[in-house]
Amino acid sequence: MDKKDREILRLMQEDASISLAELASAVNLTPTPCWRRLQKLQEEGIIKKQVALCDARKLNLGLTTFVTIRTSQHSEEWMKRFVDGATSIPEIVEIYRLSGDADYLLKIVVPDIDRYDSVYKRLIRSVELLDVSSAFAMETIKCTTALPLDYAG
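The structure presented is a predicted model; accordingly, all values stated were derived computationally and were not measured. (Residues numbered from 1 in each chain as written. Predicted model: local features only at pLDDT ≥ 70, side-chain atom pairs only at ≥ 80, totals over all residues. Heavy atoms only, no water.)

Colleague: Please explain the pattern of salt bridges as it appears in this structure.
Modeller: Two side chains of opposite charge can pair, provided their charged atoms sit close to one another. Under the criterion given, the structure shown has eleven salt bridges. Between Arg10 and Glu7 there is a salt bridge whose closest N-O contact spans 2.5 Å. In this pair, Arg10 and Glu7 are both assigned in helix α1 (residues 3–14), three residues apart and thus about one turn of the helix distant. Judged by its relative accessible area of 33%, Arg10 is partly exposed. (Salt bridge = Lys/Arg side-chain N within 4 Å of Asp/Glu carboxyl O. Helix = DSSP H or I, 4+ residues; strand = E, 2+ residues; numbered from the N terminus. Buried < 20%, exposed > 50% of the residue type's maximum accessible area, 1.4 Å probe, protein only.)

Colleague: Would you mind showing me how to read helix α3 (residues 31–43) here?
Modeller: Owing to its 3.6 residues per turn, the α-helix aligns residues three or four sequence positions apart on the same side. When the terminal C-alpha atoms of α3 are compared, their 18 Å separation across 13 residues agrees well with the 18 Å that a helix rising 1.5 Å per residue should span. Cys34, Leu38 and Leu41 are the residues of α3 that are buried. Buried residues in α3, looked at end-on, bunch into an arc of 60°, giving them a common side. Exposed residues lying more than 90 degrees from the buried face of α3 are Arg36 and Glu43. Structurally, α3 contributes buried residues whose contacts are with α1 and α2 (20–26). The first or second residue beyond α3 is Gly45, which carries a positive phi of 80°. (Expected span 1.5 Å × (residues − 1). Arc of directions from axis to C-beta. Contact = heavy atoms within 4.5 Å.)

Colleague: In this structure, what is going on with helix α4 (residues 76–87)? I would like to understand it.
Modeller: In this model, α4 (twelve residues) spans 16 Å end to end at C-alpha, consistent with the 16 Å of a helix rising 1.5 Å per residue. Taken together, the buried positions of α4 are Trp78, Phe82, Gly85 and Ala86. Along the axis of α4, the buried positions cluster into a sector of 90°, meaning they face one direction only. With respect to the buried face of α4, the exposed residues turned more than 90 degrees away are Glu76, Glu77, Lys80 and Thr87.

Colleague: Can you walk me through the environment of Glu91 in this structure?
Modeller: Structurally, the position occupied by Glu91 is in the loop between α4 and β2 (92–97). Judged by its relative accessible area of 22%, Glu91 falls in the partly exposed class. Along the sequence, Glu91 and Val110 sit 19 residues apart, while their C-alpha atoms lie 6.3 Å from each other. Residues within four places of Glu91 in sequence aside, it is in contact with Lys107, Ile108, Val109, Val110, Val119 and Arg122.

Colleague: Got a minute to help me understand the nonpolar core in this structure?
Modeller: The tendency in soluble globular proteins is for nonpolar side chains to be buried side by side. Counting residues in each nonpolar core, the largest one holds 16 residues, and the members touching the most others are Ile69, Phe82, Ile92, Leu106, Ile108 and Leu123. Elements with a minimum of two residues in this core: β1 (63–70), α4, β3 (104–110) and α5 (113–126). Sorting elements by how many residues they give to this core places β3 first, with four residues. Residues Leu9, Met12, Leu23 and Leu149 belong to the second largest nonpolar core, which totals 13 residues. (Core = buried A, V, L, I, M, F, W, Y, C linked by side-chain atoms within 4.5 Å.)

Colleague: I keep staring at the environment of Val27 and nothing clicks. Help me out?
Modeller: Following the sequence through the fold, Val27 ends up in the loop between α2 and α3. Overall, Val27 belongs to the buried group, its relative accessible area being 4%. Along the backbone, Val27 and Thr68 are 41 residues apart, and their C-alpha atoms lie at a distance of 42 Å. Filtering out sequence-adjacent residues up to four positions away, Val27 remains in contact with Lys4, Glu7, Ile8, Leu11 and Cys34.

Colleague: Would you explain unusual backbone geometry in this entry?
Modeller: Positive phi, close to 60°, is recorded for Asn28, a residue that is not glycine. Along the chain, Asn28 turns up in the loop between α2 and α3. A relative accessible area of 65% means that Asn28 is categorised as exposed. If you check the backbone angles, Asn60 has positive phi at about 60° while not being a glycine. Take Asn60: it is sitting in the loop between α3 and β1. Its relative accessible area of 52% is what places Asn60 among the exposed residues.

Shown next as structure tokens:
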């Protein structure tokens, strides 16, 4: 990956709806070589997909909750039940398996505390949990989907 590829990625992360002509011009290429580079980045899986980012508040999803989960069970069967249960709940938008004190971190978006409680109840029906701790976001300081490109080689 060279400097032009990184610049294409930077621009695409800012606005994936940019036209090929605009993208090519911005990276000082003609459209055909720019298109080839873009295709290669997609084929290699560097660009996984292009999506529309929605405003959660305008979709009545004003409460973001970060939930840490600890479990006393670490079997493959338990993990499969947990993953199946958690991924089936659309309000859970991110799930991470962690090292350290907590086993999992979930990001949940809902309209209000009552809907969060509903999600919590659906989650605990799927598997037994040792500890669940919730933190409600008071303010979003930084939120981006753009990845740093300085490390791409």
